[in-house]
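Tertiary structure, described
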Amino acid sequence: MMKKILVVGGANGIGLSMAHILAKRTETEKVYVVDKAELKEEYRHEKIESVQFDLTSNDYSVFDRFNDIDGLIITAGFGKLALFKDIPEEMIATYFNVNTIPVIRIIKHFYDKLSSKDDFYCGVMVSIAGFMSSPFFSLYGATKAALKIFIESVNVELAKSGTTNRILNVSPGSIKGTSFNQGATDLNVTAPLAEEIIKNMEEKNDLFIPQYEEVFKNVLERYHADFRKEGLHSYEYKVASGRVK
């Protein structure tokens, strides 16, 4: 089990939920939360140390202080339903500079721990949008597809190096109880999923798709059978859901 954990993007949503669950464990010594947003007073805990940091910064030396961790969770990211034609050009770089590049840089920073023979647990929030075409999420999906391939490739390298450590790709659909897409954080709603993610991390699994059997197995099968048809279905589903403003 993890004792000292770094949660990047842990000031709200699913990251905050995992931070709180881990902080309540007897065996946990410290949970470091790194986020652009300040950790609200109501979410503070004696085992949680909060550090404010903007992932779009060039200098990542802030992560040097966490060389004692044995667990790494990266949940930072954002997305908004919008047609590609409606996304300002300057936002293209922002999407990748928040959702993709920071994850790769942080993994690089802790790669020696990942590739060691000592247990190191790592989980990254990706998205089911990284597995298939997702109209209204074209740019967001592209940032997550890049992470999917990166994680799969690095996991092969880790396996070949002889370590049992892996990066867990957590790829859910829409998550209730988070601040993603301008929602509100509700730890009671996110707790069951947060528990499942932690469990998969500690089992050193490399992929966890919540609701896979109930929902996404069929969706992925339809996508692989005819990606054009499933893309059109996804477009119409989002419009009908009322989520598109």
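For the structure itself, consult the block above.
A short tour of the structure in this document, coming up. All figures in this text were calculated on a predicted structure; none of them were measured in a lab. (Residues numbered from 1 in each chain as written. Predicted model: local features only at pLDDT ≥ 70, side-chain atom pairs only at ≥ 80, totals over all residues. Heavy atoms only, no water.)

A word on the packing of aromatic side chains. Throughout the structure, instances matching the rule amount to 9 aromatic pairs. For the pair Y32 and F66, a centre-to-centre distance of 4.9 Å together with 55 degrees between the ring planes defines the contact as tilted. Placement of the pair is Y32 in strand 2 (residues 30-35) and F66 in the loop between strand 3 (48-52) and strand 4 (71-74), with a sequence separation of 34 residues. Each member of the pair, Y32 together with F66, is buried. Measuring from centroid to centroid gives 4.8 Å for F137 and Y140, while their planes differ by 40 degrees, and the two rings are tilted. (Phe/Tyr/Trp six-rings, centres within 6.5 Å; stacked < 30°, edge-to-face > 60°. Helix = DSSP H or I, 4+ residues; strand = E, 2+ residues; numbered from the N terminus. Buried < 20%, exposed > 50% of the residue type's maximum accessible area, 1.4 Å probe, protein only.)

Further remarks concern the side chain of N200. Topologically, N200 is positioned in helix 6 (residues 187-202). The residues touching N200, leaving out its near neighbours within four places in the chain, are L168, N205 and F208. (Contact = heavy atoms within 4.5 Å.)

In this section: the sheet that holds strand 5 (residues 121-125). Read from one edge to the other, the open sheet built from 7 strands follows the order 3-2-1-4-5-6-7, with strand pairing classed as parallel. The strands lining the two open edges of the sheet, one partner per strand, are strand 3 and strand 7 (207-208). Sheet topology note: the strand 5/strand 6 (residues 167-170) ladder contains 4 bridges and is parallel. Each bridged residue has a counterpart across the sheet, and for V124 the counterpart in strand 6 is N169. Strand contacts of helix 6: strand 4, strand 5, strand 6 and strand 7, with the helix running at about 135 degrees to strand 5, the strand carrying the most contacts. (Pairing = 2+ DSSP bridges. Axes fitted to C-alpha atoms, helices over the stretch in contact; angles between N-to-C directions.)

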